[in-house]
Amino acid sequence: MTAAAPQPRPFTVEWSPGLPRGSSPSPDAAAGLALQPIGLLTGDVAARAVADGTAMKLAGGPLAFSACVVTLAGARGLLRTTAELAELSDWALGENAVLGRAVIRRLELLSRQRPPFAGLSLDRARLIGVVNVTPDSFSDGGARFATDDAIAAGRALAAAGADLIDVGGESTRPGAAPVAAAVERERVLPVIRALAADGIAVSVDSRRAGVMEAAIEAGAVVVNDVSALSFDRASAAIVAAGRAGAILMHMQGRPATMQDAPRYTDAPYEVFRYLDARAAVAEEAGIPAGSIAVDPGIGFGKNDDHNTAILAAIGLFHATGRPVVLGASRKSFIGRISRGEAPGARLPGSLAAAAAAALQGVQLFRVHDVAETRQALAVLARIGGLGVT
């Protein structure tokens, strides 16, 4: 098992009125490059802008972007500015070859068509329904703890329109204590077997390699790991051998302590760099690039400012070249920035977060309220020109 993630080193973030010229950035700046797509366009406007070369498709989907927030890493911290695409490409190639290649690579990753994930085409928003087979889930208080109840819940979510059912046997809510691997297997395997036998696509929410392996054998097609395959060193090899998909999530610390004063200087950037690195590790372990998705981990070692900053900049994670997953459903930050609503009364805030992410091209949504989210995203897609639903 790996040690808990270290606290980030402090640095500064400086906004520049334009791209740095003359005093060219060091080639090392390329390693810290991040491009967040902005100037987002939809529908016919997006198609025309792509055709005339003033915009690029976002992740191969119906959205297009015409500019980027550009972040460069330097000795003292981060330098950040905005640039239109033509200006950005001309600048990068004129500064130095290493930086130029890095910019072109990131633009290609931002725009490239995403292949199907776990057999699901990403031409529309895909919903991951949540089934917690735990006695202490934050969202339902253990209402689906019994095996038969969990199986029935999974079937109902699939009937409501979930494309994937995520089955978890260990609570990862803030302050949660770990459970033994044997207990986790006992909770999830009967549920996975029953749902998979029905022809329902299933993922297992686990950070233990042994549980992942047993779940894949039982029929799970995706592993959803809150530790991004870092908690158990054997995890990546297990997922690769099982030819399963992987959802890599960011978490600062461990569930029991992750909300004890989490710290970031720039949460979206730091989470992006972490997930980009973990995706590379997963691919090196033999998991195909098209089988890896990234999740910034809303509420996992993050305060309300961190969560909202990540949601506002979630398009940045397309620059990993992977499908992006959002898990904001019923999270506690919704109640804190509203009127203190309990988890079951956070549907409106959950839908608002999903809509904001959909308008930035996010493809996968991990939700408790499948029918309601599907309806909201269907209406948004029709109005906003976001493609089929």
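Residue numbers here run from 1 along each chain, matching the order of that chain's written sequence. This being a predicted model, a pLDDT of at least 70 is required before a residue's local features are given, and a value of 80 or more before pairs of side-chain atoms are given or counted; all residues contribute to the totals for chains, interfaces and linings. Hydrogens and waters are ignored; side-chain quantities use all the structure's heavy atoms.

### Describing the environment of Ser 235
Definition in use: In DSSP terms, a helix is any run of H or I states spanning at least four residues, a strand is any run of E spanning at least two, and both are numbered starting from the N terminus. Relative accessibility thresholds used throughout: buried, under 20% of the residue-type maximum; exposed, over 50%; partly exposed, between the two (1.4 Å probe, protein chains only).
Residue position: Ser 235 is located in helix H7 (residues 235-241). Residue Ser 235 is classed as buried on the basis of its relative accessible area of 0%. Through-space distance from the C-alpha of Ser 235 to that of Gln 360 is 31 Å; in sequence the pair is 125 residues apart.

### Some thoughts on the side chain of Gln 252
Formally: For this analysis, a polar contact is any N or O atom pair within 3.5 Å, provided that within protein one partner can donate a hydrogen and the other can accept it, and provided that sequence-adjacent residues contribute only side-chain to side-chain pairs.
By the secondary structure assignment, Gln 252 is in the loop between strand S10 (245-249) and helix H8 (267-284). For Gln 252, a relative accessible area of 5% translates into the label buried. Side-chain polar atoms of Gln 252 contact the side chain of Tyr 264, separated by 3.4 Å.

### Details of the packing of aromatic side chains
We count it as follows: Two rings from Phe, Tyr or Trp (for Trp, the six-membered ring) form a pair when their centres are within 6.5 Å of each other. A pair whose planes differ by under 30 degrees is stacked, one over 60 is edge-to-face, and the rest are tilted. Only Lys NZ and Arg CZ are tested; either one counts as a charge over a ring when it is within 6 Å of the ring centre and within 35 degrees of the ring normal.
Inspection of the entire model under this criterion finds 1 aromatic pair. Measuring from centroid to centroid gives 6.5 Å for Phe 272 and Phe 317, while their planes differ by 65°, and the two rings are edge-to-face. In this pair, Phe 272 sits in helix H8 while Phe 317 sits in the loop between helix H9 (304-312) and strand S12 (325-326), placing the two residues 45 residues apart along the sequence. There is no split in this pair, since Phe 272 and Phe 317 are both buried. It is Arg 207 that lies over the ring of Phe 231; its NZ or CZ is 4.4 Å from the centre.

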